[in-house]
Amino acid sequence: MTDSKYFTTTKKGEIFELKAELNSDKKEKKKEAVKKVIASMTVGKDVSALFPDVVNCMQTDNLELKKLVYLYLMNYAKSQPDMAIMAVNTFVKDCEDPNPLIRALAVRTMGCIRVDKITEYLCEPLRKCLKDEDPYVRKTAAVCVAKLHDINAQLVEDQGFLDTLKDLISDSNPMVVANAVAALSEIAESHPSSNLLDLNPQSINKLLTALNECTEWGQIFILDCLANYTPKDDREAQSICERVTPRLSHANSAVVLSAVKVLMKFMEMLSKDLDYYGTLLKKLAPPLVTLLSAEPELQYVALRNINLIVQKRPEILKHEMKVFFVKYNDPIYVKLEKLDIMIRLASQANIAQVLAELKEYATEVDVDFVRKAVRAIGRCAIKVEQSAERCVSTLLDLIQTKVNYVVQEAIVVIKDIFRKYPNKYESVIATLCENLDSLDEPEARAAMIWIVGEYAERIDNADELLESFLEGFHDESTQVQLQLLTAIVKLFLKKPTETQELVQQVLSLATQDSDNPDLRDRGYIYWRLLSTDPVAAKEVVLAEKPLISEETDLIEPTLLDELICYIGTLASVYHKPPSAFVEGGRGVVHKSLPPRTASSESTESPETAPAGAPSSEQPDVIPTQGDLLGDLLNLDLGPPVSGPPLATSSVQMGAVDLLGGGLDSLIGGPNFVAPPAAAVPANLGASMGSGLSDLFDLTSGVGTLSGSYVAPKAVWLPAMKAKGLEISGTFTRQVGSISMDLQLTNKALQVMTDFAIQFNRNSFGLAPAAPLQVHAPLSPNQTVEISLPLNTVGSVMKMEPLNNLQVAVKNNIDVFYFSTLYPLHILFVEDGKMDRQMFLATWKDIPNENEAQFQIRDCPLNAEAVSSRLQSSNIFTVAKRNVEGQDMLYQSLKLTNGIWVLAELRIQPSNPSFTDLELSLKCRAPEVSQHVYQAYETILKN
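Here the structure is a predicted model, which means the values were calculated and not measured.

**Regarding helix α10 (residues 135-151)**
Next up, step 1: For α10, with 17 residues, the first-to-last C-alpha span of 25 Å sits near the 24 Å given by 1.5 Å per residue.
Next up, step 2: Within the sequence span of α10, burial applies to Val137, Arg138, Thr140, Ala141, Ala142, Cys144, Val145, Ala146, Leu148, His149 and Ile151.
Next up, step 3: Where α10 begins, the side chain of Asp134 points an oxygen toward the backbone nitrogen of Tyr136, at a separation of 2.8 Å.

In structure tokens:
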């Protein structure tokens with residue numbers, strides 16, 4: 001008979017009966033009673049009144065009965081902590097039982113009883129179990145340490161359990177090793193700063209040895225731990241990859257994905273020229289394909305991970321297109337994901353096959369899927385230029401079906417095709433216009449209106465078509481209204497005589513009858529443009545549009561690199577980093593792929609990297625426009641203090657003085673009230689009474705101007721990411737002008753010409769002051785050096801980090817994108833020396849919470865040399881004095897956008913040849929302080 005009978009009784013007075021049975025002398029009766037208690041507990045009845053009677057049953061040799069009692073204890077110990085202490089002696093005794101199963105059971109239960117009073121009694125038994133002769137007990141004790149750490153971290157550290165855990169990584173039993181790794185990883189996640197898993201080649205070797213012999217979950221723990229290790233060079237990376245590769249053929253999909261994660265991460269360090277690199281690519285495809293034969297839920301997880309892998313390394317699955325073809329019985333979520341991957345893998349070689357398949361999908365019954373399939377055809381046309389014509393004819397065939405939602409999606413994607421290939425497929429416009437009446441979705445109506453407006457000169461009745469939309473103007477969605485307004489203005493500029501009434505009607509509707517601010521603003525702008533300067537209006541409204549790129553939905557590169565480090569976890573399914581969906585600080589550590597050792601990219605961290613060297617974690621993400629307002633509000637836009645500003649330091653927004661009086665008011669204008677002396681740093685305040693003359697005993701003209709520090713060139717765009725074009729560079733500032741010194745190398749087999757460069761909006765408005773001039777075609781294996789002058793009058797948008805610069809470089813082959821971090825000292829202007837009184841008043845006026853303090857250790861310069869070195873980079877010493885044997889420098893600098901930064905530099909000799917510097921920075925825009933400190937460190941240590 002099964003145990004289900006225990007769940008069927010609902011008698012009254014049951015507790016008293018159970019109490020009597022629990023105290024029975026017969027073992028069988030006791031066991032039956034405990035089973036009944038557990039059954040009642042499982043269905044939610046309160047049986048805590050029986051606590052002392054159940055605990056008495058612990059004194060038994062019967063393993064089954066012991067397990068049941070321990071189960072009861074775990075459940076009720078928290079609500080009855082005083083009673084639970086009664087069980088401690090039995091635990092301690094059980095930890096020394098000759099039977100290893102009982103020892104392990106005792107230590108496992110101890111870890112699950114989350115009661116502080118009991119925890120301290122458990123340390124001694126746990127210590128013994130960690131060194132037990134039986135591996136089953138040791139592996140259980142290892143997990144118990146992690147549980148105990150969660151209850152009382154300090155106790156675990158004081159008792160030395162973490163060191164014992166680290167020793168278990170060298171255990172002879174693979175399961176003990178796996179559990180020790182799992183426990184350490186768990187603890188390290190809750191304390192990201194602690195370096196618990198201090199991995200080195202020796203410990204990695206032990207983990208790889210254990211990997212072959214432990215259970216599947218043990219393998220996952222070890223593989224996840226390996227993924228957090230950064231090999232010292234490409235040889236070690238290759239060695240680890242060779243030993244992890246056999247895991248790809250494991251039956252458990254979680255093991256396979258963990259192995260893929262390790263290999264994807266370490267492949268970053270392997271040179272693409274290696275034979276092994278090609279072999280590894282071939283080995284990665286079959287396991288990923290095999291995952292797609294599992295049940296739909298597993299397929300979906302696999303597809304989400306494959307989506308990331310294909311974006312990072314499309315070559316892995318480029319020959320496996322057929323496995324992503326949709327099956328009729330796939331659930332919709334699997335279908336849509338497969339469709340997405342098909343587009344990512346589409347190339348000239350397989351486009352015919354893909355299009356035939358997509359055309360088939362467009363006749364399915366599932367509306368959502370059909371819409372996606374039609375969109376996919378458009379994406380194919382944009383991605384593979386050779387297929388564009390075939391895609392357009394396929395879309396026209398679909399329009400002829402007259403199925404409403406198919407027609408609407410087709411029109412939306414044809415608009416994008418027109419944007420990508422202007423003046424190529426406009427012959428289809430007549431067919432599109434025939435379907436005008438059937439459009440009822442905002443996106444399709446807006447697309448059709450855009451087409452009519454853009455090609456108005458080719459459509460005889462364009463004015464009638466647009467007028468038909470105008471009749472229900474107020475019932476349209478905002479998207480359609482905005483598009484209609486622009487289209488009619490375009491039409492007017494192309495056919496002014498025939499459409500004057502129409503344009504007046506739409507401008508009136510947009511500005512006077514609408515309460516949508518976006519629409520009103522656009523209407524007023526057009527109205528003023530047309531009434532004041534029709535030529536300018538033509539240049540603005542009919543300007544040449546930039547071509548759209550094929551992969552607008554690619555995950556941004558830095559995020560993609562981070563997600564590759566999370567393959568096989570929830571982050572890879574959401575396509576978001578853990579910080580976006582994990583609450584609290586636990587486990588949210590930003591990861592990134594290791595730097596490539598085979599190339600010459602700098603592997604230093606962003607803090608210590610030479611200026612201009614891109615860090616391995618540099619963000620490429622383009623912030624939203626919403627950040628711009630916050631940036632403008634933070635800018636310190638006082639007017640220049642003295643002397644005419646240099647060309648590069650003119651501030652376009654200088655007219656707007658957000659401070660009311662700029663820095664001039666700080667000297668003591670008519671309304672100036674001196675702040676209390678408490679706001680002044682102690683060193684300055686101490687001497688104020690004795691007059692400023694002795695405080696500021698400055699030697700005139702420290703050092704000579706020799707140009708600011710220039711970092712060595714670093715590779716910004718490796719050849720493999722730019723079809724053979726390698727770009728290295730650095731930034732310089734010489735006598736008021738900023739330059740980007742570039743080195744272009746052609747590592748491809750074809751000649752490169754038609755170079756151009758463009759910057760994205762950035763925090764300080766950096767922009768090229770002249771075109772990128774490569775005077776002769778760049779032949780294969782040729783290198784050319786170019787100095788590109790820059791100015792700071794470009795568009796401003798706050799970046800993260802502040803000194804991030806996103807660059808696009810075009811040549812006859814393609815457009816390439818990269819981002820780099822420029823050193824802030826190239827923005828320090830030559831008129832940044834502040835008057836002494838003003839320095840003191842400004843220091844007092846800036847709030848104390850804006851002060852940031854930093855340390856620069858082991859600087860090889862004395863005070864005189866420090867001052868001279870900094871002055872050559874436009875950091876000016878305003879005053880200098882000696883306090884108790886320590887030199888104090890008071891310094892000022894000014895950025896190109898008018899932000900002033902004040903510094904107090906304390907120089908302490910640490911030994912005869914080195915000094916330690918303490919730097920205090922004050923600024924009205926405190927977010928620049930960290931970058932100013934990095935500039936100080938870079939200048940003084942190089």
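After that view, the rundown keeps rolling.
**Quick word on the packing of helix α30 (residues 517-532) against helix α31 (residues 534-541)**
Next up, step 1: Viewed as axis vectors pointing N to C, α30 and α31 meet at an angle of 135°, and their least axial separation amounts to 6 Å. As summarised for this structure, α30 and α31 are arranged oblique, according to the angle between their axes. Residues Tyr526, Leu529, Leu530 and Thr532 of α30 pack against Pro534, Ala536, Ala537, Val540 and Val541 of α31.
Next up, step 2: In terms of residue class, the contact of α30 with α31 is built from 8 nonpolar, 1 polar and no charged.

**Remarks on the pattern of salt bridges**
Next up, step 1: Tallied over the entire structure, the rule returns 33 salt bridges.
Next up, step 2: A salt bridge links Lys232 to Glu236; the nearest nitrogen and oxygen atoms lie 3.8 Å apart.
Next up, step 3: The exposure class of Lys232 is exposed, given its relative accessible area of 61%.
Next up, step 4: Given a relative accessible area of 11%, Glu236 falls into the buried group.
Next up, step 5: Between Arg344 and Asp340 there is a salt bridge, with its nearest N and O atoms 3.3 Å apart. Taken together, the residues span about one helical turn, with Arg344 and Asp340 both in helix α20 (residues 332-345) at a distance of 4 residues. Both residues of the pair, Arg344 and Asp340, belong to the buried class.

**Things to note about the sheet that holds strand β2 (residues 725-734)**
Next up, step 1: Taken together, 5 strands build an open sheet; the order of strands is β1-β2-β3-β6-β5 and the sheet is antiparallel. Two strands close off the open sheet at either side, each with one partner strand: β1 (714-717) and β5 (767-768).
Next up, step 2: Where β5 lies against strand β6 (residues 783-791), 2 bridges are found, and the strand directions are antiparallel. Its bridge partner being in β6, Ala767 is matched across the sheet by Asn791.

**Structural notes on the environment of Ile414**
Next up, step 1: Relative to the helices and strands, Ile414 resides in helix α24 (residues 404-420).
Next up, step 2: In sequence terms Ile414 and Arg379 are 35 residues apart; their C-alpha atoms lie 10.0 Å from each other.

**Structural notes on the packing of aromatic side chains**
Next up, step 1: A full pass over the atoms with the stated rule returns 12 aromatic pairs.
Next up, step 2: Considering the side-chain rings of Tyr300 and Tyr333, the 5.4 Å spacing of their centres and the 90° angle between planes classify their relative orientation as edge-to-face. Placement of the pair is Tyr300 in helix α19 (residues 296-312) and Tyr333 in helix α20, with a sequence separation of 33 residues.
Next up, step 3: The class for Tyr333 is partly exposed, based on a relative accessible area of 32%.
Next up, step 4: Ring centres 6.2 Å apart and planes at 70° place the aromatic pair Phe731 and Tyr822 in the edge-to-face group. Of the two residues, Phe731 sits in strand β2 while Tyr822 sits in the loop between β8 (815-821) and α38 (836-845), which places them 91 residues apart along the sequence. Across the pair, exposure class does not vary: Phe731 and Tyr822 are buried alike.
Next up, step 5: By way of ring pairs, the aromatic residues Trp716, Phe731, Phe818 and Tyr822 are connected into one cluster.

**Some remarks on the sheet that holds β8**
Next up, step 1: The sheet built from 3 strands is open, its strands ordered β4-β7-β8 with antiparallel pairing. Each having just a single partner strand, β4 (756-759) and β8 make up the two edges of the open sheet. In this sheet, adjacent strand axes meet at a mean angle of 25° when their direction is disregarded.
Next up, step 2: Pairing analysis gives 4 bridges linking β4 to strand β7 (residues 804-810), with the strands arranged antiparallel. Within β7, the position partnered with Ile757 by the bridge is Val809.

**What about a negative patch on the surface?**
Next up, step 1: On the surface, Glu464, Glu467, Glu471 and Glu501 cluster together into a negatively charged patch.
Next up, step 2: Residue position: Glu464 is located in helix α27 (residues 462-470).

**Focus: the packing of helix α22 (residues 367-383) against α24**
Next up, step 1: Two numbers describe how α22 lies on α24: the axes approach to 9 Å, and their chain directions differ by 15°. Our classification of the angle between α22 and α24 gives roughly parallel. Judged by the twist between their axes, the crossing of α22 over α24 is right-handed. Counting all contacts with α22, which are made through Val367, Val370, Arg371, Val374, Arg375, Gly378, Ala381 and Ile382, the residues of α24 involved are Tyr405, Val406, Glu409, Ala410, Val412, Val413, Asp416, Ile417 and Lys420.
Next up, step 2: Each residue belonging to the contact of α22 with α24 can be placed in one class, and the counts come to 11 nonpolar, 1 polar and 5 charged.

**Re unusual backbone geometry**
Next up, step 1: A cis geometry characterises the amide bond from Glu800 onward to Pro801, with omega recorded as -5°.
Next up, step 2: Considering the arrangement of structural elements, one finds Pro801 in the loop between β6 and β7.
Next up, step 3: Even without a glycine there, the phi angle at Lys402 is positive, about 60°.
Next up, step 4: Relative to the assigned elements, Lys402 resides in the loop between α23 (388-400) and α24.
Next up, step 5: Residue classification places Lys402 among the partly exposed residues on the basis of a relative accessible area of 49%.
Next up, step 6: Phi at Asn874 is positive, roughly 70°, even though this residue is not glycine.
Next up, step 7: Topologically, Asn874 is positioned in the loop between α39 (863-871) and β10 (876-883).
Next up, step 8: The exposure class of Asn874 is buried, given its relative accessible area of 4%.

What counts and what doesn't
Residues numbered from 1 in each chain as written. Predicted model: local features only at pLDDT ≥ 70, side-chain atom pairs only at ≥ 80, totals over all residues. Heavy atoms only, no water. Helix = DSSP H or I, 4+ residues; strand = E, 2+ residues; numbered from the N terminus. Expected span 1.5 Å × (residues − 1). Buried < 20%, exposed > 50% of the residue type's maximum accessible area, 1.4 Å probe, protein only. Polar contact = N/O pair within 3.5 Å; in protein donor to acceptor, adjacent residues only side chain to side chain. Axes fitted to C-alpha atoms, helices over the stretch in contact; angles between N-to-C directions. Parallel < 35°, antiparallel > 145°, perpendicular 65-115°, else oblique. Contact = heavy atoms within 4.5 Å. Nonpolar A, V, L, I, M, F, W, Y, C, P; charged D, E, K, R; others polar. Salt bridge = Lys/Arg side-chain N within 4 Å of Asp/Glu carboxyl O. Pairing = 2+ DSSP bridges. Phe/Tyr/Trp six-rings, centres within 6.5 Å; stacked < 30°, edge-to-face > 60°. Patch = residues over 30% accessible without salt bridge, like charges linked within 9 Å, V, L, I, M, F, W, Y side chains within 5 Å. Areas by Shrake-Rupley, 256 points an atom, 1.4 Å probe, with all protein chains shown as cover. Lys, Arg positive; Asp, Glu negative; His and termini not counted. Charge placed at Lys NZ, Arg CZ, Asp CG, Glu CD. Left-handed = near helix turned anticlockwise from the far one by under 90°.

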